[in-house]
Amino acid sequence: MASLKFSLILFGLRMLLWWQSKIYKDFKDHLSQKQFTAQIQIKDKSIGRWFKFKNGNISSSTGIHAKPEVKLTFKNSKVAVELLLLIFEHQLLLFQHNE
């Protein structure tokens, strides 16, 4: 079950980045200054998603990229889900506090 949750979190992150780049000009401008590929994956490379930032555009796909410039690797899906959900919950609390 953790594997499915991890895959859904990664897909949700892809959609969030895409949406933010469409509705916030400052975010899109910031992205236009970035040129790199990032990989988020499980240590055994059974699950992963890469994100490519180039000329203000974001592309992404499931799987393992051949040569990412940045890697975020988790021990397993369970650890990945626990840590990523903790970060998202913290960001949500900060957002609610600042409203």
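Relevant structure appears above.
Residues numbered from 1 in each chain as written. Predicted model: local features only at pLDDT ≥ 70, side-chain atom pairs only at ≥ 80, totals over all residues. Heavy atoms only, no water.

**Student:** How do you make sense of the sheet that holds strand β1 (residues 36-42) when you look at a structure like this?
**Tutor:** Note on sheets: strands pair through backbone hydrogen bonds, and any given pair is parallel or antiparallel. Strand order in the open sheet formed by four strands is β3-β2-β1-β4, with mixed pairing between adjacent strands. One side of each edge strand has no neighbouring strand; the edge strands of this open sheet are β3 (57-62) and β4 (70-74). Neighbouring strand axes in the sheet, compared pairwise and without regard to direction, differ in orientation by 15° on average. Pairing geometry for β1 and strand β2 (residues 48-54), over six bridges, is antiparallel. Residue pairing for β2: Gln41 is matched across the bridge by Gly48. On top of the sheet, helix α1 (residues 2-23) reaches β1, β2, β3 and β4; it is set at about 15° to β2, its chief contact. (Pairing = 2+ DSSP bridges. Helix = DSSP H or I, 4+ residues; strand = E, 2+ residues; numbered from the N terminus. Axes fitted to C-alpha atoms, helices over the stretch in contact; angles between N-to-C directions. Contact = heavy atoms within 4.5 Å.)

**Student:** Sorry if this is basic, but what is going on with a nonpolar patch on the surface here?
**Tutor:** Where nonpolar side chains cluster on the molecular surface, the patch consists of Phe11, Met15, Trp18, Trp19, Ile23 and Tyr24 and spans about 600 Å² of accessible area. As for its placement among the helices and strands, Met15 is situated in helix α1. (Patch = residues over 30% accessible without salt bridge, like charges linked within 9 Å, V, L, I, M, F, W, Y side chains within 5 Å. Areas by Shrake-Rupley, 256 points an atom, 1.4 Å probe, with all protein chains shown as cover. Salt bridge = Lys/Arg side-chain N within 4 Å of Asp/Glu carboxyl O.)

**Student:** Hey, could you run me through the environment of Asn57 in this one?
**Tutor:** With respect to the helices and strands, Asn57 occurs in strand β3. In this structure, the C-alpha to C-alpha distance between Asn57 and Gln35, residues 22 residues apart in sequence, is 9.5 Å. Ignoring sequence-local partners within four residues, the contact set of Asn57 consists of Lys28 and Lys52. Side-chain polar atoms of Asn57 contact the side chain of Lys28, separated by 3.4 Å. (Polar contact = N/O pair within 3.5 Å; in protein donor to acceptor, adjacent residues only side chain to side chain.)

**Student:** Whenever I open this one, the layout of surface pockets confuses me. Can you help?
**Tutor:** Where empty space is left in the structure can be found by rolling a water-sized probe over the atoms. In this structure, the largest pocket encloses a volume near 220 Å³. What lines the largest pocket is a set of 14 residues, among which Leu13, Ala38, Ile40, Phe51 and Leu72 lie closest to the centre. Elements that contribute at least two residues to the lining of the largest pocket include exactly α1, β1, β2, β4 and α3 (77-98). When residues of the lining of the largest pocket are assigned to their parent elements, the largest contribution, four residues, is made by α1. (1 Å grid on protein atoms, 1.4 Å probe; cavity = no way out; pocket = protein on both sides within 12 Å on 5 of 7 lines; lining within 4 Å. Points joined across faces, edges and corners; volume = space filled by probe spheres on them.)

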